[in-house]
Amino acid sequence: MNTIRVALAASVALGVSTPVFAQSAGCSTINGFRSSLVQVRVFEELVDGRFRAGEEITLTARSVVSSEPVGTPVWAFADLALAFDFGDGAFSPTYSSSNTPIRETIIVPTGGISGLALTEFGPWFTDLNGVVISCGIPILPIGAVVSSLAGIGVIHQNQSLRVALDHNLLGRLQGGERPEAAVTRSSAFVSTQGMSDQPMDGNAWLSLNSRAYFDGYEGHATDFSAGMDWLLSESSIVGVVIGAGLTDLEDATVSEAKSSSLLIGAYGAYGLASGVLVDGYLAYSVVDYDVGDADFDTNRTLAGLSVNGNVSVSSGVLQPRVRLSGSWEDFPTDVVGLTGGASQQYRASIGARHDWNSTLAGTGLKPWASLDFEYGYQEDTDGLTDDFFAPRLGIGLNGTVGLGVLTASIDVGRTTSDVYDAGLALSYEFKL
């Protein structure tokens, strides 16, 4: 029996906290603001629109005059949503009225603001003359951009290898009865293992995985991999893998941040009599970075280990699993603005998937659900660390529909400490 698999998928990543890419609506609106006179009477609204934390606002004025200078007149920037009375909602230092030119720059605080206003701290009738306001995202050192780019690239590279091996090995050593891995990213997979009803000693496969980023990050990551493996026995496999990848991001400070990679590695798997499948991979990758005016290469090592169980319970099949991955990357010491040395990244997860025996009423589809708890850790070349602990939830359906097997899944979890992601995957396996 010949098998043809068609896979369609979509995935998104949602950025939160302090994104380094994309300008907020409020910042975009106020940028380029000009007025010959801004009068502050208790407070004065400048723009009603949200600003992100970390955005930089600069106000210049020819002079600031208070027509009722009792005491020491001062004013400040304020969150519009909180500006009701004198000084309410102020989030900047206070500034004195002056008949001389001024230039004041502030950074939007953690949590952002709902809108921008100016407030005075007393009935001083503050007037700002010849006002110009700009707003943008501070230019990040190249090291910060490279750290974000490397972090996204290596996470996706490890995820892509894991998805490809899950597609291939679970079918090769567990009879091919289960369609696909429970929690997957945007992917497409083709293998020769479906070309015969009999077990095949040799097998070749192709895998393509892609993920789009927006809001906190603008761009995408795509990884292609191809592999060939051989059955050493009914319970063991060894194989080789090659791959190529591209991560392409845009931000408001660097016209384009891009990396491309080439990868070669080896993998293996062993199925225990108890229904436990152990597999792992070790890979070496050369990565080319193109960030602003800098163009340089790095060497990256990746490793992963997975243990998957298969336990029959009264309601169906429970598949506990543990997954570990790590990467180490060496950066050059001769790039201006970048600290040379080694960065490292680790991820560990433990969880399980449950497939129910019963089908949904009126269909041939069986539901399943999965829950994994993930820990991620990253350290860049400056010694700065970032980590998180978060759950990942997956739900889906699989079963016979028409001439083949339909699989649908959605998963929600965290990519880094400040980026959440959600993925949708659909695949249909025609059996001819």
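It should be emphasised that the depicted structure is a prediction, and the values quoted were computed from it without experimental measurement. (Residues numbered from 1 in each chain as written. Predicted model: local features only at pLDDT ≥ 70, side-chain atom pairs only at ≥ 80, totals over all residues. Heavy atoms only, no water.)

Next up on the list: the confidence of the model for the protein. The pLDDT averaged across the protein works out to 82; a share of 81% of its residues lies at or above 70. Within the model, pLDDT remains below 50 along residues 175–186, and this stretch shows 45 contacts once partners closer than five positions in the same chain are excluded. (pLDDT = per-residue confidence, 0-100. Contact = heavy atoms within 4.5 Å.)

A separate point is the nonpolar core. Residues Phe51 and Leu59 are the most contacted members of the largest nonpolar core, which totals 24 residues. Among the elements that take part in this core, strand β10 (residues 126–136) stands out by supplying four residues, more than any other. Residues in contact with Phe51, not counting those within four places in the same chain, are Ser24, Gly26, Cys27, Ile30, Ile57, Val108, Gly112, Ile113, Gly115, Leu116 and Cys135. (Core = buried A, V, L, I, M, F, W, Y, C linked by side-chain atoms within 4.5 Å. Buried < 20%, exposed > 50% of the residue type's maximum accessible area, 1.4 Å probe, protein only. Helix = DSSP H or I, 4+ residues; strand = E, 2+ residues; numbered from the N terminus.)

Moving on: the environment of Ala408. The topology assignment puts Ala408 in strand β23 (residues 404–416). Taking the C-alpha atoms as reference points, Ala408 and Pro367, separated by 41 residues in sequence, lie 9.6 Å from one another.

All chains considered together, the criterion is met by one disulfide. Here Cys27 pairs with Cys135 through a disulfide, and the sulfurs are 2.0 Å apart. Of note, the bridge from Cys27 to Cys135 carries an S-S torsion of about -115° and is left-handed in sense. In this pair, Cys27 sits in helix α1 (residues 25–30) while Cys135 sits in strand β10, placing the two residues 108 residues apart along the sequence. The class of Cys135 is buried, set by a relative accessible area of 6%. (Disulfide = S-S within 2.5 Å.)

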